Amino acid sequence: MDKLVIDGGVQLNGTVSISGAKNAALPILVATLLAPGEHELHNVPELVDVSFMLSLLGRVGCPSLVGIGGRPDRVRLDTTRLAFCEAPYDVVRKMRASVLVLGPLLARCGEAHVSLPGGCAIGVRPIDQHLKGLEALGCTFRLEGGYVHGSVERLVGADITLDVPTVTGTENIMMAAVLAEGITTIRNAAAEPEIVDLARFLRSMGARIKGDGTDTLEIDGVPALRPARKPYAIMGDRIEAGTYLLAGAITGGDVTAKGAPVEDMTAVIEALNESGCSVECTVDSIRVSRSGPLSSVAISTQPHPGFPTDMQAQWVALMTQAGGSSVVQENIFENRFMHVAELHRMGANIELAGNTATIHGGAKLTGATVMATDLRASASLILAGLAAEGTTEMLRIYHLDRGYERLVGKLEQLGASVRRVSEETAVAVGVSVATSAVV
Ligand code: EPU
């Protein structure tokens, strides 16, 4: 297994290009199942989760080609023929977002067999709301052998009120509703920018959707969809952009995130401003620089447009370097503070009580060997490693490959001293050192 080695204390400066958004790419890839034919997607991030999703689509009979025209971000998919309607355990257990095939498979072939995703490092993460919405559209479900088996004769529009504004749940219901007979209203829907991107993609295939980006979606079902006439470009990743901007802020540097979805990042921009950073925005780029000290800023994670839970761990890392104490409340997931224990090991002073972390800023961080537990916790530890004195070694970095494209290259481009070391190399180095010591 690879590890990441970071020599801290280096200021990050320069411009970084933001990749396509993971959480927009995943539902959009799946949505191609709704329109039989050839699809071309641009700005698809090169991530392990994207590969998982492409292999899942391959398993149901829809092949894809990555790297169209020599561009690694361009993907062509052929969804003409659907051979199976199953998402097996060996795929779903690797990536929870596989559950997104449920809605499209039911809409396209009237049945779906999807392994139930279990809990994960950040929480229990049930899918009851996905099922509730799809049931309202006429689907019936049976849970057996760890699978949810769904079937439907005819999808019919319905008025659905979600108990929680779930992101992938809203996407699943929306993808089934576009092919239902009549009108579907989803109330208390998630309003995340990635849902807006999915709606835009579905519209480019002929769907009729209104209200995306608000808490009420209205979908007027159509009998069939066809592939978009032009290649569709996935939106930029607001979480990747936010992570690099915080890397600039924590090292007292000057970082510009180019290709960031600026309008979707208001909460993070406001928090950075409040913390004493200077923030300059253009239509598609954000520059964050800092010359003075950081001030503490309390945040509370909320559904969009509130402060995103996917930036909480990174914010905690930043606040370890602020003056005074900051309170960070996690309201979306019940167990999303796994980074705190690792940050402690680097010298951070954080009190944890239930869903609230109180960070006593100004602690001197020192490099340590730390363990990544999930994607955003990993990002948080990288930020701490960049600010720490000495060397940080981060283990279990496969989480990062799921959500940050070319992370090491991008950090190096900003001046960070960071490298990826494979265990084989580490062992080999160990051997040669030992050997030379003996000699
Ligand atoms: N929930 C339910 N019932 C459901 C669905 C969700 O109770 O049927 C609860 C969850 O347990 C959680 C809350 O609702 O407490 C919100 O969960 P949500 O369903 O919105 O999360 P998700 O759709 O599984 C997506 C992103 C996550 C991101 C969350 C919140 C994708 C593929 N994943 O997950 O991204 O944190 O929305 O914004 O879009 C990440 O990228 O690191 C990541 C975890």
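Just so we're clear, the structure is a prediction, and the values are computed from it rather than from any experiment.

A sheet is described by the order of its strands in space; here 4 strands give the open sequence E19-E21-E23-E22, paired in mixed fashion. Lying at the two open borders of the sheet, with one neighbouring strand each, are strand E19 (299-300) and strand E22 (349-353).

To continue, consider the packing of helix H1 (residues 22-31) against helix H7 (residues 193-204). For the pair H1 and H7, the least separation of the axes is 9 Å and the interaxial angle reads 30°. Here H1 is positioned roughly parallel relative to H7, judged by the angle of their axes. By crossing handedness, the relation of H1 to H7 is classed as right-handed. Where H1 approaches H7, its residues Asn23, Ala24, Pro27, Ile28 and Ala31 are matched on the opposing element by Glu194, Asp197, Leu198, Phe201 and Leu202. Among the residues forming the contact of H1 with H7, the class breakdown is 7 nonpolar, 1 polar and 2 charged.

This part is about the state of the cysteines. Here the structure, examined in full by the defined rule, presents 0 disulfides. Looking at the unpaired Cys62, the closest cysteine sulfur is the one in Cys109, lying at 9.5 Å. Here Cys85 stays free of any disulfide, with the sulfur of Cys109 as its closest cysteine sulfur at 4.2 Å.

The next subject is the packing of aromatic side chains. Counted according to the given criterion, the structure contains 2 aromatic pairs. Here Phe307 and Trp315 contribute two aromatic rings whose centre-to-centre distance is 5.7 Å and whose plane-to-plane angle is 70°, an arrangement assigned as edge-to-face. Accessibility expressed as a relative area gives 6% for Phe307, which makes it buried.

Moving on, we come to the pattern of salt bridges. Within the structure shown, the criterion is met by 22 salt bridges. Notably, a salt bridge pairs Asp7 with Arg419, separated by 3.2 Å at the nearest N-O pair. In this pair, Asp7 is assigned in strand E1 (residues 3-7) and Arg419 in strand E26 (residues 417-421), connecting sequence segments 412 residues apart. Its relative accessible area of 24% is what places Asp7 among the partly exposed residues. Overall, the relative accessible area of 38% leaves Arg419 in the partly exposed class. Between Asp197 and Arg200 there is a salt bridge whose closest N-O contact spans 3.3 Å.

Here is what the cut-offs are and how they apply
- Residues numbered from 1 in each chain as written.
- Predicted model: local features only at pLDDT ≥ 70, side-chain atom pairs only at ≥ 80, totals over all residues.
- Heavy atoms only, no water.
- Pairing = 2+ DSSP bridges.
- Helix = DSSP H or I, 4+ residues; strand = E, 2+ residues; numbered from the N terminus.
- Axes fitted to C-alpha atoms, helices over the stretch in contact; angles between N-to-C directions.
- Parallel < 35°, antiparallel > 145°, perpendicular 65-115°, else oblique.
- Left-handed = near helix turned anticlockwise from the far one by under 90°.
- Contact = heavy atoms within 4.5 Å.
- Nonpolar A, V, L, I, M, F, W, Y, C, P; charged D, E, K, R; others polar.
- Disulfide = S-S within 2.5 Å.
- Phe/Tyr/Trp six-rings, centres within 6.5 Å; stacked < 30°, edge-to-face > 60°.
- Buried < 20%, exposed > 50% of the residue type's maximum accessible area, 1.4 Å probe, protein only.
- Salt bridge = Lys/Arg side-chain N within 4 Å of Asp/Glu carboxyl O.

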